[in-house]
Each structure stands twice: as C-alpha cells, then as structure tokens.
Amino acid sequence: ATLFLLPIAMLWEKKVPGEWPTVLGKSHMSDFEILGEVWVLNKWTVFYLFLSGIFSFMYNIVQFSIVHTLSPSATAFGGNFNKAALIFLTLLLPFLRVHELPGSPYIEVIYGAVIVNIAAFSYYSFLQIQAKMQENEKSSKLMDNEHSESEEDSNEESE
C-alpha cells in the first residue's frame, strides 16, 4: 500500500484548504510539499505525526495478536470497548467534546448504552478467561492421568 500511495503523496498536487494558501504562499501543493512546509514551521508537529504512526503500528500488532490468541469476536468486542471508553471519556470530560450533549432523556440513554457496552465486554472477557483456565485444567489433568497410567504400566512390566 505504501509503494502504491507514495507517488500520489509525492506528486499529486491538491488545493490547499482554508487560510493555508496565505501562510504557505501556494494554492496547490502535494502532501510531501505540505509536510516539508510543516517541518519548516514546526518540527514538533512532524515528530508527533511520526510518533502517532509508531503508536498505530504497535496497536495493530496488539490487535493482530489478540485475533490469533483469542478470537475475531473478542477483537470486535475490544474495538467496541475502545469506542465505548472514548465516548464515556467524552461524556465525562467537557474539554473533549466537539458538540453539545443532547438533553434528557437522550443523554441518559447514551450513558446507559455506554455503561452496558463496557459491562458486556468485561463480562465476555471474564468468561473467555474462565473458559481458558478450565481448558488448561482439563489438559493438565489428562496429562497427569496419562503420566500415572504409564508409570503403572512400567511397574507391572518390571514385576
């Protein structure tokens, strides 16, 4: 995907939105030119851009390992949990809000839905962990039984 999109980002010039043509001195620029201008104006912004890419890569690795460790449904629940947690934080912290919250009774419905979503994911995760623990106990009991049977067989043979 990177190799496919790189020429587009490097060469394709688009209209620069808002007041940026005044700041940058051009009305049409490629993404690479914009990145270069941002580097000149504020290097920390480019640093944060690359840092967000690193965090995104780490998140994808974690999600990939969750899919292979648990199940796709657990990953879907995890994605819903992330969204529910972000919505809950937005409801609780006024400085994160983009829009005003709806009035009653809608806001109560939203709070209830978010809390139930978080509770459902937590309970689902709890059930998954319990099932894995029971599976591990069963497999260890089977191994112990097989081990004790093989010892009994070897004792009978030696007599």
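So, here's what we can say about the structure. Fair warning: this is a prediction, and the values are worked out from it, not measured in the lab. (Residues numbered from 1 in each chain as written. Predicted model: local features only at pLDDT ≥ 70, side-chain atom pairs only at ≥ 80, totals over all residues. Heavy atoms only, no water.)

One pass over the structure, following the stated rule, counts four aromatic pairs. Three or more aromatic residues link up through ring pairs in this structure, and these residues are Trp44, Phe47 and Tyr48. (Phe/Tyr/Trp six-rings, centres within 6.5 Å; stacked < 30°, edge-to-face > 60°.)

So, on to the layout of surface pockets. A volume near 290 Å³ is recorded for the largest pocket. Lining the largest pocket are Ala1, Thr2, Leu5, Leu6, Ala9, Met10, Asp31, Phe32, Leu35 and Leu49. Counting residues per element, the ones that place at least two in the lining of the largest pocket are helix H1 (2-11) and helix H3 (31-41). A total of five residues in the lining of the largest pocket trace back to one element, the largest contributor, which is H1. In terms of residue class, the lining of the largest pocket is made up of eight nonpolar, one polar and one charged. (1 Å grid on protein atoms, 1.4 Å probe; cavity = no way out; pocket = protein on both sides within 12 Å on 5 of 7 lines; lining within 4 Å. Points joined across faces, edges and corners; volume = space filled by probe spheres on them. Helix = DSSP H or I, 4+ residues; strand = E, 2+ residues; numbered from the N terminus. Nonpolar A, V, L, I, M, F, W, Y, C, P; charged D, E, K, R; others polar.)

We now examine the packing of H3 against helix H4 (residues 43-69). Closest axis-to-axis distance for the H3/H4 pair is 5 Å, and the angle between their directions is 125°. Here H3 is positioned oblique relative to H4, judged by the angle of their axes. Residue-level inspection shows Leu35, Val38, Trp39 and Leu41 of H3 in contact with H4, the latter providing Lys43, Thr45, Val46 and Leu49. In the contact of H3 with H4, the residues fall into six nonpolar, one polar and one charged. (Axes fitted to C-alpha atoms, helices over the stretch in contact; angles between N-to-C directions. Parallel < 35°, antiparallel > 145°, perpendicular 65-115°, else oblique. Contact = heavy atoms within 4.5 Å.)

All right, on to the pattern of salt bridges then. Applying the stated criterion across every chain yields a total of two salt bridges. A salt bridge links Asp31 to Lys14; its shortest N-O distance comes to 3.1 Å. With a gap of 17 residues between them, Asp31 in helix H3 and Lys14 in strand E1 (residues 14-15) connect regions that are remote in the sequence. Here Asp31 falls in the partly exposed class, since its relative accessible area comes to 37%. When its relative accessible area of 26% is taken as the criterion, Lys14 is described as partly exposed. Lys26 is the salt-bridge partner of Glu33, the closest N and O atoms lying 3.6 Å from each other. The class for Lys26 is partly exposed, based on a relative accessible area of 40%. (Salt bridge = Lys/Arg side-chain N within 4 Å of Asp/Glu carboxyl O. Buried < 20%, exposed > 50% of the residue type's maximum accessible area, 1.4 Å probe, protein only.)

Time to look at unusual backbone geometry. Of the consecutive residues Ser104 and Pro105, the connecting peptide bond is found in the cis state with omega at 5°. Following the sequence through the fold, Pro105 ends up in the loop between helix H5 (72-92) and helix H6 (106-158).

Our focus in this paragraph is the environment of Leu96. With respect to the helices and strands, the residue Leu96 is situated in the loop between H5 and H6. Taking relative accessible area as the criterion, Leu96 reaches 37% and is therefore assigned partly exposed. Discounting residues that sit within four places of it in the chain, Leu96 has contacts with Leu89 and Thr90.

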